[in-house]
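Observations on the model geometry
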There are 2 protein chains.
Amino acid sequence: MTIRHNYLENITLKEAEKKYFSHLIRSGFCSSSETVSSVDANGRILKNAVYAKICSPHYNACAMDGVAVKAEKTYTASEHSPVTLKPGDYMVADTGDPLPESCDAVIMVENLIDMGGGCFEIISAVRPWQNVRQIGEDICMGDMIAPSGTALSPSLCGALLAGGVTSVDVIKKPVAAVIPTGDEIVMPTDDPAKGEIIEFNSTVFKGMLQTLGAEVRVYPIVKDKKELISAAVKKAVDECDIVLISAGSSAGRDDYTSEIIASLGTVCFHGIAVKPGKPAVLGEIDSKPVVGLPGYPVSAIVIMEQIVKKLIALYYGIPSDGGAVIKGTLSKRVVSSLKYTEFIRVQLGRIDGKISVSPLPGGAGIISSFTKADGILEVDRNLEGIEAGEQVDVRLLKPLDEIENTLIVTGSHDPLIDEIADILKKENAPFRVCSSHVGSMGAVHAVKDGLAHMGGIHLLDAETGEYNNSFVKKYFPDDTAVIKKGVGRIQGLMVKKGNPLNIRSFADIRGLKYVNRQRGAGTRILCDYLMKKHGIAPDDIEGYYNEEFTHTAVAALIAAGNADAGLGIYSAAKMYGLDFIPLCTEKYEFLISKKHENGPMVQAFLRVLSGEKMRARLEEMGGYTVYE
Amino acid sequence: MTIRHNYLENITLKEAEKKYFSHLIRSGFCSSSETVSSVDANGRILKNAVYAKICSPHYNACAMDGVAVKAEKTYTASEHSPVTLKPGDYMVADTGDPLPESCDAVIMVENLIDMGGGCFEIISAVRPWQNVRQIGEDICMGDMIAPSGTALSPSLCGALLAGGVTSVDVIKKPVAAVIPTGDEIVMPTDDPAKGEIIEFNSTVFKGMLQTLGAEVRVYPIVKDKKELISAAVKKAVDECDIVLISAGSSAGRDDYTSEIIASLGTVCFHGIAVKPGKPAVLGEIDSKPVVGLPGYPVSAIVIMEQIVKKLIALYYGIPSDGGAVIKGTLSKRVVSSLKYTEFIRVQLGRIDGKISVSPLPGGAGIISSFTKADGILEVDRNLEGIEAGEQVDVRLLKPLDEIENTLIVTGSHDPLIDEIADILKKENAPFRVCSSHVGSMGAVHAVKDGLAHMGGIHLLDAETGEYNNSFVKKYFPDDTAVIKKGVGRIQGLMVKKGNPLNIRSFADIRGLKYVNRQRGAGTRILCDYLMKKHGIAPDDIEGYYNEEFTHTAVAALIAAGNADAGLGIYSAAKMYGLDFIPLCTEKYEFLISKKHENGPMVQAFLRVLSGEKMRARLEEMGGYTVYE
């Protein structure tokens, strides 16, 4: 085995972007334009300013249905002395008809009193040009309808047509190539073999690129052979405007991206001081940007957002849309690297007039942190971290009003929260449920600090054997939170199917590989209680410090054989086909801030919780008792 | 001629929406679904909640390049007493490889010291599962990936694939029919005949509908014949899910929409208390919504936004995206009707920490008010108006960050402002120029009230014959604004080509049809000055009170023969091929708030104003003098 050490550079993102883009411009990277019909130009970017060719209206038009007259004929009309218009004094006019040359006003049909014989009486005068849309009322010939670089909106397309501009020169959409590479990656499937990694990065990039206004060509997966990747890159450079190579960019044995780009063109940078995203390659072949994206989805997405998005704005010659930034209060401390600028994904919600900012679990492989992300918190490389409670700037990934209408549920997670969220969506609720898995004590802190509306708790009081009440009394002495009845859940030991190790009770975990829950989780508290009861110390248990955040994660590890046992709820064991040794029924309840207790979102959540649909779903999941 | 009076109802928008949508639901209006590949599902709306079928990773995967080991073999390693790994103690591992059964950790290649002969030394231990992505680290089988009604983002599509979900049931896009009707409307052209109205509403609707997630079929224009429109509607109802009939909806001779819908189905409402938009028809045929949209574009757009947009959200079963609402300060008084809810289009910009809200000129035919609109100010039917300086809520039509980066130029308009805006866009300036035409005195007030950064002025002091300085001294005694050199502009009388009335000087306007500028405009002030000089009273001039807002509007009316003469700048006369009697050269300068004088946006604007590109454009336009 040959081990290579390719040390990457560590340039800052800002500097990399600046120098890379300068290089691209100097190499000749630029857009082309095409002519499209204004009827189909919605969303396209104008190449040049567009001027109206004709006025709109382009003639004096009657603005109402009625009769066209010479205004001065009506000047003496009043209630006391009406004026009679005889045939010849007027001309019938429909909305939109050209104003007859001899007329200069229109009397509305509603103001005509029919006297018969083609005569009409009026009791008020009209001014010149009254009820007439004069030529150019909307657009004047020669006026600039929109400047260069404008993204055409539907109404701008209408304005173009109104101004006689039937076709426009727009920037041609850039074609972006995505080349997935790797020996182990496979096309999407629901049954991958061990060692096969489902290739989904290209799907994520495709959606992002299309949203940015690019056309996308996803090439077939290329194996990790230098000649094969090189050939694919050459083909893509020929056929497209921008080339993105997925994976193979870290400093490892299969890292050909950098070499290939260098052999066909120029590598500007390999390695950027961002986390995640470090091992990106920024290059150029034949004046076209060629970017090597890291294999880990979140790393790649950061590079897509911080570099590729701006590349496309550069192509279009428009400012890069940074996205709106809002101020919020950090709900949980974040630690960050001094070496890198970090992009931390966060969830957001409005509560008590503040925006609550909750960091999502990190890890470059975790696509779910991106699916839940409402915003990005950028932490400069010079900061070691930010404390909870501090004000931060967050760049929005979602529209503000979605974030405004959010029920923040922070605490112990149970799949029933997801089910309630689903039922609410089916009922077309005007808000979304945003749930964070931080454990029962996390609920206590979040509600206390005003950073969540409510949260799930199942906190066992070791002394009384009771759930929740004593904790709430202790942490909310001023009575600012209430507990709403939730459900009973059967907790127990999850073990491999068939229980090969013949585990009968909690005491049997001695000598087994255990997988635990995180500190502050109700299940962890239960574990510690049971261990104390059975006289088991943490060091007696292999894996006591292996912490997972959800019941399904624990179940998954036991099913895979990573661990032999772990505490969890029955429904998770059932889902993974594990055997289950029930130990107790605990109360899983909801801690709710009194301030928000009667708000429409909390009320809707509670209503669904105790409704029929939920009852049916809980029965299906198993292990739940619904309290009356 | 038969004159019909069809009195419309006057139901409120809220009530109309509520009852109409109930009727549609009861009639059976609902969506269909279809199965699509998750690879192509970006932007689609989920029919049902989706659960992961497999874990991701779906096996224990090596997270680094290096060697896989049993962690306990490394426990004693330290700098002082390194541990040597011999062949058999480890297995070579690449990122993504399955962790061998016998191993439970990975040592990074960077931490291996090659001793030769296949032996490596390490100086620190690894913990179990270190550098391993355990099964389910990202997604666990059975976890809900997204609930019903979720709009799939690119990363959600990636999560679906990672979770083994290769296809999803999504809501089928609704197909919306747009039927343009009218005897006078024609397909887009740059040379319409008098009386022909360019049909562009369908283009506006198409763009709006596509943005809302509908497919659109625009039908050929149908003449105003009842049988023809009826046949077109029947066909569209058969082929599509939603039908929009454009024009013919007011209570006039050609109003067949209401009758036709009533004969084929049900008319729920004809006439809504909104302004603009009143004569809309809300109906249903065969369980499908059939909406009669008013002919005036802005009226139609209001109905599109207030009803049709929500109709599509109803179809999808998702909450209607109202759009973000921000608070701002009204820069100009608005008057509103007591009978109707009014939707006033406004421009927005951030200045001095406030959002400045500037109403755009109204008029239902004015598409340009929609092209410039940044937001909508909804004025309840119970309000008569809102005063300048009051705080208002504005619903955003554009992203907030676009509005944040706005240079607000309010005052006397000159086409050179548009040209500067265009040059700035070509230079990729990170801000947009938002210009309002309110006349020179409007600039003084806006800058004084902190509602604009700058504005164009050309205010003639009747006593001194000087421009601008005395006004600025008078209105800014505390020196809070400065004047930046602009350009000289030749002002004069614009007259019909060939000067058929032989106009020689300003005094000759007696007895002519005149078209004036609005009060507060520098050109109006010049007019009043000249009239006083020549002893001409307002009543001596027909059309003195006919006010237009721009030079091109004045020019257009003279070119059309609506008026014989009007004051304006040379470039406008040149554009319309008018004859021009020069009267004076005035100073068109920029009044700038001192507070913003040195800001990057103002500086960029001024730089372009005095640059070479601008000089070239001014020469082309004609009548300008560039001051050094």
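Throughout, a residue's number is its position along its own chain's written sequence, starting from 1. To label them, take the chains in the order written and letter them from A, then take the ligands in the order written and number them from 1. Given that the model is predicted, a residue must reach a pLDDT of at least 70 before its local features are reported, and side-chain atom pairs must reach 80 or more before they are shown or counted; all residues, however, enter totals for whole chains, interfaces and linings. Hydrogens and water molecules were not included; the side-chain quantities draw on all heavy atoms of the structure.

1. Remarks on the overall build of chain A
The helix and strand inventory of chain A stands at 16 helices and 37 strands. Taken against the 2.2 N^0.38 rule, which gives 25 Å for 628 residues, the C-alpha radius of gyration of chain A at 34 Å runs more than 25% over that of a compact globule. Referenced to the eigenvectors of the C-alpha coordinate spread, the extents of chain A come out at roughly 110 × 70 × 45 Å. Partly exposed residues are those whose accessible area sits between 20% and 50% of the maximum for their type, while under 20% is buried and over 50% is exposed, using a 1.4 Å probe and protein chains only. For chain A, the proportion of its 628 residues judged to be buried stands at 57%. Computed by Shrake-Rupley with a 1.4 Å probe, the accessible areas treat only the displayed protein chains as cover when residues are assessed. Of the roughly 25,200 Å² of accessible surface on chain A, 51% is carried by carbon and sulfur atoms. Averaging the positions of the 67 positive and the 78 negative side-chain charges in chain A gives two centres separated by 6 Å. Secondary structure elements are taken from DSSP: a helix is a run of H or I of four residues or more, a strand is a run of E of two residues or more, and numbering for both begins at the N terminus. In this treatment the radius of gyration is a C-alpha quantity, and the globule benchmark scales as 2.2 Å times the residue count to the 0.38 power. We treat Lys and Arg as the positive residues and Asp and Glu as the negative residues; His and chain ends play no part in the count. Charge positions come from single atoms, namely NZ of Lys, CZ of Arg, CG of Asp or CD of Glu.

2. Considering the relation of the copies chain A and chain B
Applying a rotation about an axis and a shift along it to one chain copy brings it onto the other copy. For this overlay, a least-squares fit was computed on C-alpha atoms, restricted to residues scoring pLDDT of at least 70 in both copies. Once chain A has been moved 0.0 Å along the axis and rotated by 180°, it coincides with chain B to within an RMSD of 0.1 Å. With respect to symmetry, the two chain copies, as superposed, fit the operation of a two-fold axis. Note on contacts: a residue pair is in contact if any heavy atoms of the two residues lie within 4.5 Å. Interface overlap between copies: 100% of the residues of chain A at the interface are likewise at the interface in chain B, consistent with a symmetric, same-surface contact.

3. Brief notes about the domain arrangement of chain A
By convention, interface size is frequently given as the accessible area that disappears when the constituent parts associate. Each assigned domain of chain A is listed with its residue range as follows: domain 1 (13-32 + 173-316), domain 2 (33-57 + 137-171), domain 3 (61-133), domain 4 (325-442) and domain 5 (455-626). Either an automatic procedure or a domain database provided the assignment from which the domain bounds are taken. Placing a centre on the C-alpha atoms of domain 1 of chain A and another on those of domain 5 of chain A gives a separation of 43 Å.

4. Thoughts on the interface of chain A and chain B
Facing the 114 residues of chain A at the interface are 115 residues of chain B. Here chain A packs against chain B, burying approximately 9,100 Å² in sum over the two surfaces, 58% of which is carbon and sulfur. Salt bridge, as used here, is a side-chain nitrogen of Lys or Arg placed within 4 Å of a carboxyl oxygen of Asp or Glu. Applying the counting rule to chain A against chain B returns six salt bridges. The salt bridge involving K206(A) is made with D40(B); its shortest N-O contact spans 2.7 Å. Mapped by element, the contributors of at least two residues to the side of chain A that touches chain B are β6 (91-93), α2 (154-162), β15 (197-198), α3 (201-211), α7 (367-372), α8 (400-404), α9 (415-426) and α13 (551-560) of chain A. The leading source of residues in the side of chain A that touches chain B is α2(A), at eight residues. When two components associate, each loses some accessible surface as probed by a 1.4 Å sphere; the sum of these losses over both components is called the buried area.

5. Brief notes about the state of the cysteines
Residues and elements named next belong to chain A. Two cysteine sulfurs form a disulfide in these notes if their separation is within 2.5 Å. If you walk through the whole model with that rule in mind, you get zero disulfides over all chains. In this structure C62 is not part of a disulfide, and its nearest cysteine sulfur, from C103, lies 7.9 Å away. Considering cysteine sulfurs only, C527 is the nearest to C584, which forms no disulfide, with 12 Å between them.

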